[in-house]
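Now for the letters of each chain:
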Amino acid sequence: MTAAQADLQIDRPAVADGAALWRIARDSKALDLNSSYSYLLWCRDFAGTSAVARDERGEPVGFVTGYVRPERPGTLLVWQVAVDDAYRGRGIAGALLDGLVARVVAEHGVTSVETTITPGNIASERLFDAFAARHGAALEREVLFSTSLFPDGPHDPEVLYRIGPLSL
Ligand SMILES: CC(C)(COP(=O)(O)OP(=O)(O)OC[C@H]1O[C@@H](n2cnc3c(N)ncnc32)[C@H](O)[C@@H]1OP(=O)(O)O)[C@@H](O)C(=O)NCCC(=O)NCCS
């Protein structure tokens with residue numbers, strides 16, 4: 001852990017963190033913002049497959065949400081990752097991802113990670129490229145949801161990144 005991260009703590013979200021996760025997602029301007037209700041529900045039902053980074057006061061400054069795919073229980077799907085603008089570029093997203101995956105490997109025995117990224121999100125592409133490289137895992141990409149599948153106006157395609165097998 002770098003000095004910049006030393007005063008941050010990474011752990012599971014609680015329902016009381018749901019509002020902060022919604023705000024971080026909203027302020028990221030890059031993520032699809034889901035309803036505040038969905039973040040509260042996520043913090044209740046998927047806390048075990050999600051993680052938050054907290055500042056010295058315990059306030060969330062970044063998060064990663066995910067779930068174990070019901071039909072592929074060896075795969076962790078990472079739904080959203082965001083770090084507050086003021087805390088970016090310090091390795092926090094990488095640390096969140098490493099911490100979460102280590103926990104989910106230990107508790108659920110997953111062997112691969114999936115996520116979707118919209119083309120051109122360089123920080124996100126590098127985050128997952130670097131994650132795959134750190135864990136000696138192959139990375140495959142394919143379009144999961146094309147633009148035409150989205151009902152609510154123009155939406156960039158979502159490209160599936162499949163990373164595995166993991167060596168942890
Ligand atoms: C993507 C995001 C979570 C990265 O958070 P972060 O804590 O700054 O990321 P890290 O410091 O751990 O860096 C991860 C990798 O991305 C690279 N990176 C980070 N910000 C970058 C930027 N603006 N441009 C290019 N590369 C960048 C880092 O260099 C690092 O790669 P490396 O290990 O090869 O050097 C953050 O930029 C964010 O919240 N963006 C808005 C929300 C979003 O797009 N989420 C992802 C959707 S799945």
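Sequence order as written defines the numbering, with residues in each chain counted from 1. The model is predicted, so local features are restricted to residues of pLDDT at least 70 and side-chain atom pairs to those at 80 or more, both for listing and for counting; the totals for chains, interfaces and linings are taken over all residues. Remark: hydrogens and water are excluded; side-chain values derive from all non-hydrogen atoms of the structure.

## Some thoughts on the overall build of the protein
In step 1: Strands are runs of DSSP state E lasting at least two residues, helices are runs of H or I lasting at least four, and both sets are numbered from the N terminus onward. In terms of regular secondary structure, the protein is built from four helices and seven strands.
In step 2: Listed N to C, the secondary structure of the protein is β-α-α-β-β-β-α-β-α-β-β in terms of helices and strands.
In step 3: Against the compact-globule benchmark of 15 Å for 168 residues, the protein has a radius of gyration of 15 Å, which places it among compact chains.
In step 4: Throughout, exposure labels follow a simple rule: accessible area from a 1.4 Å probe, protein chains only, divided by the maximum for the residue type, with under 20% read as buried, over 50% as exposed, and the rest as partly exposed. Across the 168 residues of the protein, 42% fall into the buried class. Two things to know: the radius of gyration comes from C-alpha atoms, and the globule rule equals 2.2 Å times the number of residues to the power 0.38.

## What to know about the environment of Gly58
In step 1: With respect to the helices and strands, the residue Gly58 is situated in the loop between strand E2 (51-54) and strand E3 (60-68).
In step 2: Note on Gly58: relative accessible area 28%, which makes it partly exposed.
In step 3: The sequence separation of Gly58 and Gln9 amounts to 49 residues, and the corresponding C-alpha distance is 7.9 Å.

## Describing the site of the ligand
In step 1: Neighbouring residues are identified by heavy atoms, a residue being near a molecule or strand if any of them is within 4 Å of it. With respect to spatial proximity, 21 residues lie near the ligand, and among them Val81, Val83, Gly89, Gly91 and Asn121 are the closest.
In step 2: Residue Arg90 places a main-chain N or O atom 3.4 Å away from an oxygen atom belonging to the ligand.
In step 3: Separating an oxygen atom of the ligand from a side-chain N or O atom of Asn121 is a distance of 2.8 Å.
In step 4: Residue exposure ignores everything except the shown protein chains as possible cover, and the areas themselves are Shrake-Rupley values with a 1.4 Å probe. In isolation the ligand offers 920 Å² of accessible surface; the protein chains occlude 74% of this area.
In step 5: Secondary structure elements with two or more residues in the shell around the ligand: strand E4 (75-83), helix H3 (92-108) and helix H4 (122-134).
In step 6: Element by element, the count of residues in the shell around the ligand is highest for H4, at six residues.
In step 7: Amino acid classes used here: Ala, Val, Leu, Ile, Met, Phe, Trp, Tyr, Cys and Pro are nonpolar; Asp, Glu, Lys and Arg are charged; the rest, including Gly, are polar. When grouped by side-chain class, the residues that make up the shell around the ligand number 11 nonpolar, seven polar and three charged. Polar contact is defined as a pair of N or O atoms within 3.5 Å, subject to the rule that within protein one atom must be able to donate a hydrogen and the other to accept it, and that residues adjacent in sequence are counted only when both atoms are side-chain atoms.

## A closer look at the nonpolar core
In step 1: Leu76, Val113, Phe128 and Ile163 are the most contacted members of the largest nonpolar core, which totals 29 residues.
In step 2: Of all the secondary-structure elements, those providing two or more residues to this core are E2, E3, E4, H3, strand E5 (112-117), H4 and strand E7 (158-164).
In step 3: Here this core gets seven residues from one element, more than from any other, and that element is H3.
In step 4: Residues contacting Ile163, with those up to four places away along its chain left out, are Thr111, Ser112, Val113, Phe128, Phe131, Ala132, Ala137, Ala138 and Leu139.
In step 5: Definition of nonpolar core: a set of buried residues of the types Ala, Val, Leu, Ile, Met, Phe, Trp, Tyr and Cys, connected through side-chain atoms within 4.5 Å. Counting residues in hydrophobic clusters, the runner-up holds eight residues, among them Leu21, Ile24, Val52 and Ala82. The contact criterion used throughout is that any non-hydrogen atoms of two residues lie within 4.5 Å.

## A short note on the sheet that holds E5
In step 1: Spatial ordering of the open sheet is given by E1-E2-E3-E4-E5-E7-E6, a layout of seven strands whose pairing is mixed. What marks the edges here is a single partner per strand, and that holds for strand E1 (9-11) and strand E6 (138-145). Recorded for the sheet is a direction-independent mean angle of 25° between the axes of neighbouring strands.
In step 2: Direction of pairing for E1 relative to E2: antiparallel, over a ladder of three bridges. By the bridge assignment, Asp11 is partnered in E2 with Val52.
In step 3: All axes here are fitted lines through C-alpha atoms, helices being fitted over the stretch that makes contact, and every angle between N-to-C directions spans 0 to 180 degrees. Packing against the sheet, H4 makes contact with E4, E5, E6 and E7, and its axis sits at approximately 15° to E7. Strands are treated as partners if at least two bridges between them are detected by DSSP.

## A short note on the side chain of Ser38
In step 1: Among the secondary structure elements, Ser38 is positioned in helix H2 (residues 36-45).
In step 2: Looking at Ser38, the relative accessible area reads 18%, which means it is buried.
In step 3: Only 2.7 Å separates the side chain of Ser38 from the backbone oxygen of Ser35, close enough to count as a polar contact.

None of this, on its own, says anything about what the molecule does.
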